[in-house]
Amino acid sequence: YLDRVNVGFAKLQMLSDLSFSNTVYGLGAGIFFLGYVIFEVPSNILLHKVGAKWWIARIMISWGVVSSAMMLARNAPQFYALRFALGAFEAGFFPGVILYLTYWYPSSRRAKAISTFMVALPIAGIIAGPASGWLMKFMDGVLELHGWQWLFVVHGLPAPLLGIVAYFTLKDRPEDAAWLTQGEKHTLRRLLSQDTTRAGHGALGSLLRDPKVYLLSLTYFLFLGASYAVVFWTPTLIKSWGVADVFVVGLLAGIPAVVCGPGSIAQAHKADEYVEIEQVLKCE
């Protein structure tokens, strides 16, 4: 997620160094999602076919490399191409991890597991703000690189390294986990199969006819539209309020994330409680 949000901070120096307009920046920031949308479903299908550990590792390594390569952008077409490639290489990571968690956690425990994963977003926001400001202020000119170039390099490095760790750490399915006993594996398979039976969705067509799918899709669409407007433009807004020091801008930009993290975990725990209550009532 550091790779996702760093362009909002890089904008503070990047536009003047490369003579970009706000329109060029806005199009480049948004074209990321074009590559993401095109390759998201194929990426998720491949994850299911080839296994999570290989595919998640591939995503992390490739998108970390492309994120660091953003430092090489010198004109608008190069900026657009790299942003599109970044979206294409990242596509499938978030839904892939959510899919992966469904292999391991029954529905009554899944919200907590997902919130543990998603709390990385506000944590990244807390880290990204001060780190981005520090890099752009104190690394500007080191080895004849601009601060925004160092920002892309440093923020891009952790992903490939963690991708390698993921490959050697993740197990595709509970059946592959040596640290689970046979009894634990049997219990987990039973709980997950109950979820599948209880859902009873059947074919894809029945899902596409379910109004709840479209309601949840609209809700998530509006949420993402608001959240990425904040991610991409908050540093610029803070600077426009008279904050000239980029390090201070980074510190202030991290404040919303501090509030977001605990709220996300609390909501997830409450969601799991409702699922447990609903399942008990259905059984009775």
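Everything below is about the structure shown above.
Now for a quick tour of the structure. Along each chain, numbering runs from 1 in the same order as the chain's sequence is written. The model is predicted, so local features are restricted to residues of pLDDT at least 70 and side-chain atom pairs to those at 80 or more, both for listing and for counting; the totals for chains, interfaces and linings are taken over all residues. The basis for the side-chain values is all heavy atoms of the structure; hydrogens and waters are excluded.

Structural notes on the overall build of the chain
Now for step 1: Runs of E in the DSSP output that reach at least two residues are strands. Runs of H or I that reach at least four are helices, and both are numbered from the N terminus. Scanning the chain from N- to C-terminus turns up 14 helices and 0 strands.
Now for step 2: The linear arrangement of helices and strands in the chain, starting from the amino end, is α-α-α-α-α-α-α-α-α-α-α-α-α-α.
Now for step 3: C-alpha atoms define the radius of gyration, and 2.2 Å times the number of residues to the power 0.38 defines the globule rule. The C-alpha radius of gyration computed for the chain amounts to 21 Å, which stays within 12% of the reference 19 Å derived for 284 residues, consistent with globular compactness.
Now for step 4: Dimensions of the chain along its principal axes, counting C-alpha atoms only, are 65 × 35 × 35 Å.
Now for step 5: Burial status follows relative accessibility: with a 1.4 Å probe on protein chains alone, a residue under 20% of its type maximum counts as buried, one over 50% as exposed, and anything between as partly exposed. Buried residues in the chain amount to 41% of all 284 residues.
Now for step 6: Residue-level accessible areas treat just the shown protein chains as cover; the underlying method is Shrake-Rupley with a 1.4 Å probe. If you sum the accessible surface of the chain, you get close to 15400 Å²; carbon and sulfur atoms cover 72% of it.
Now for step 7: Neither His nor the chain ends is counted toward charge; the positive residues are Lys and Arg and the negative residues Asp and Glu. Where a charge lies is defined by one atom per residue type: Lys uses NZ, Arg uses CZ, Asp uses CG and Glu uses CD. Counting 22 positive and 18 negative side-chain charges, the chain places the centres of these two groups 4 Å from one another.

Concerning helix 2 (residues 22–50)
Now for step 1: Taking 1.5 Å per residue, 29 residues should reach 42 Å; helix 2 reaches 41 Å between its end C-alpha atoms and fits that length.
Now for step 2: Those residues of helix 2 lying buried are Val 24, Tyr 25, Gly 28, Ala 29, Ile 31, Phe 32, Gly 35, Tyr 36, Ser 43, Asn 44 and Leu 47.
Now for step 3: Contact criterion: two residues are considered in contact whenever any of their non-hydrogen atoms come within 4.5 Å of each other. Its buried side turned inward, helix 2 meets helix 1 (2–18), helix 3 (52–69), helix 4 (76–90), helix 5 (93–102) and helix 12 (211–240).
Now for step 4: After helix 2 finishes, the residue Gly 51 shows a positive phi value of roughly 110°. Helix span, expected: 1.5 Å multiplied by one less than the number of residues in the helix.

Thoughts on the packing of aromatic side chains
Here a ring pair, both rings aromatic, is described through the centre-centre distance and the interplanar angle of the planes.
Now for step 1: Between the rings of Phe, Tyr and Trp (Trp by its six-membered ring), a pair exists once the centres lie within 6.5 Å; its type follows the angle of the planes, with under 30 degrees stacked, over 60 edge-to-face, and the other angles tilted. This structure, assessed with the given rule, holds 20 aromatic pairs.
Now for step 2: Between the aromatic rings of Trp 54 and Trp 55, the centroid separation amounts to 5.5 Å while the plane-to-plane angle is 25°, which identifies the pairing as stacked.
Now for step 3: Among the residues examined, Trp 54 registers a relative accessible area of 43% and is labelled partly exposed.
Now for step 4: Each residue in the set Phe 32, Phe 33, Tyr 36, Tyr 228 and Phe 232 is aromatic and connected to the rest through ring pairs, giving one cluster.

Remarks on the packing of helix 2 against helix 5
Now for step 1: One can describe the packing of helix 2 onto helix 5 by two numbers: an axis separation of 8 Å at closest approach and a directional angle of 30°. One way to sum up the angle between helix 2 and helix 5 is to call them roughly parallel. For the element pair helix 2 and helix 5, the recorded crossing hand is right-handed. Facing Tyr 36, Glu 40, Asn 44, Leu 47 and His 48 of helix 2, the residues of helix 5 in contact are Phe 94, Pro 95, Gly 96 and Leu 99.
Now for step 2: Polarity classes work like this: nonpolar for Ala, Val, Leu, Ile, Met, Phe, Trp, Tyr, Cys and Pro, charged for Asp, Glu, Lys and Arg, and polar for all others, with Gly in that last group. A per-class count over the contact of helix 2 with helix 5 returns 5 nonpolar, 3 polar and 1 charged. Here an axis means a line fitted to C-alpha atoms, over the contact stretch when the element is a helix, while the angle between two N-to-C directions is reported on a 0 to 180 degree scale. Our angle categories are set so that under 35 degrees counts as roughly parallel, over 145 as roughly antiparallel, 65 to 115 as roughly perpendicular, and the remainder as oblique. Note on convention: the crossing is left-handed when the near helix lies turned anticlockwise from the far helix by less than a right angle, right-handed when the turn is clockwise.

Quick notes on a nonpolar patch on the surface
Now for step 1: Patches here are clusters of residues that have more than 30% relative accessible area and form no salt bridge, with a 9 Å joining cutoff for like charges and a 5 Å cutoff for nonpolar side chains (Val, Leu, Ile, Met, Phe, Trp, Tyr). For salt bridges, the criterion is a side-chain nitrogen of Lys or Arg within 4 Å of an Asp or Glu carboxyl oxygen. On the surface, a cluster of nonpolar side chains totalling about 750 Å² of accessible area is made up of Leu 46, Val 50, Trp 54, Ile 61, Val 65, Ile 164, Tyr 167 and Phe 168.
Now for step 2: Elements that contribute at least two residues to the nonpolar patch include exactly helix 2, helix 3 and helix 9 (158–169).

Let's talk about the layout of surface pockets
Now for step 1: With a 1 Å grid spanning the protein atoms alone, the term cavity applies to any set of points in which a 1.4 Å probe fits but cannot get out, the term pocket to an open set with protein on both sides within 12 Å along at least five of seven lines, and the term lining residue to any residue with an atom within 4 Å of a point. Grid points are joined across faces, edges and corners, and a volume is the space filled by probe spheres set on the points. Of the pockets and cavities examined, the second largest pocket occupies roughly 610 Å³.
Now for step 2: Lining the second largest pocket are 24 residues, and of these Tyr 100, Leu 101, Trp 104, Tyr 105 and Leu 170 sit closest to its centre.
Now for step 3: Among the elements of the structure, helix 3, helix 5, helix 6 (107–118), helix 9 and helix 10 (182–199) are those that each provide at least two residues to the lining of the second largest pocket.
Now for step 4: Taken together, the residues of the lining of the second largest pocket break down into 19 nonpolar, 3 polar and 2 charged.

Side note on the environment of Leu 252
Now for step 1: Within the element layout of this structure, Leu 252 appears in helix 13 (residues 246–253).
Now for step 2: Along the sequence, Leu 252 and Lys 171 sit 81 residues apart, while their C-alpha atoms lie 39 Å from each other.
Now for step 3: Once you skip the residues sitting within four places of it in the chain, Leu 252 turns out to touch Ile 238 and Val 243.

Focus: the pattern of salt bridges
Oppositely charged side chains can pair when the atoms bearing their charge come close.
Now for step 1: As enumerated under the stated definition, the model contains 3 salt bridges in all.
Now for step 2: Of the charged contacts, one joins Asp 245 and Lys 137 as a salt bridge, the two residues approaching to 2.6 Å between their closest N and O atoms. Within this pair, whereas Asp 245 is found in the loop between helix 12 and helix 13, its partner Lys 137 is found in helix 7 (residues 120–138), the two being separated by 108 residues in sequence.
Now for step 3: Since its relative accessible area comes to 37%, Lys 137 is described here as partly exposed.
Now for step 4: Here Lys 212 makes a salt bridge to Asp 210, at a shortest N to O gap of 3.3 Å.
Now for step 5: Judged by its relative accessible area of 54%, Lys 212 falls in the exposed class.

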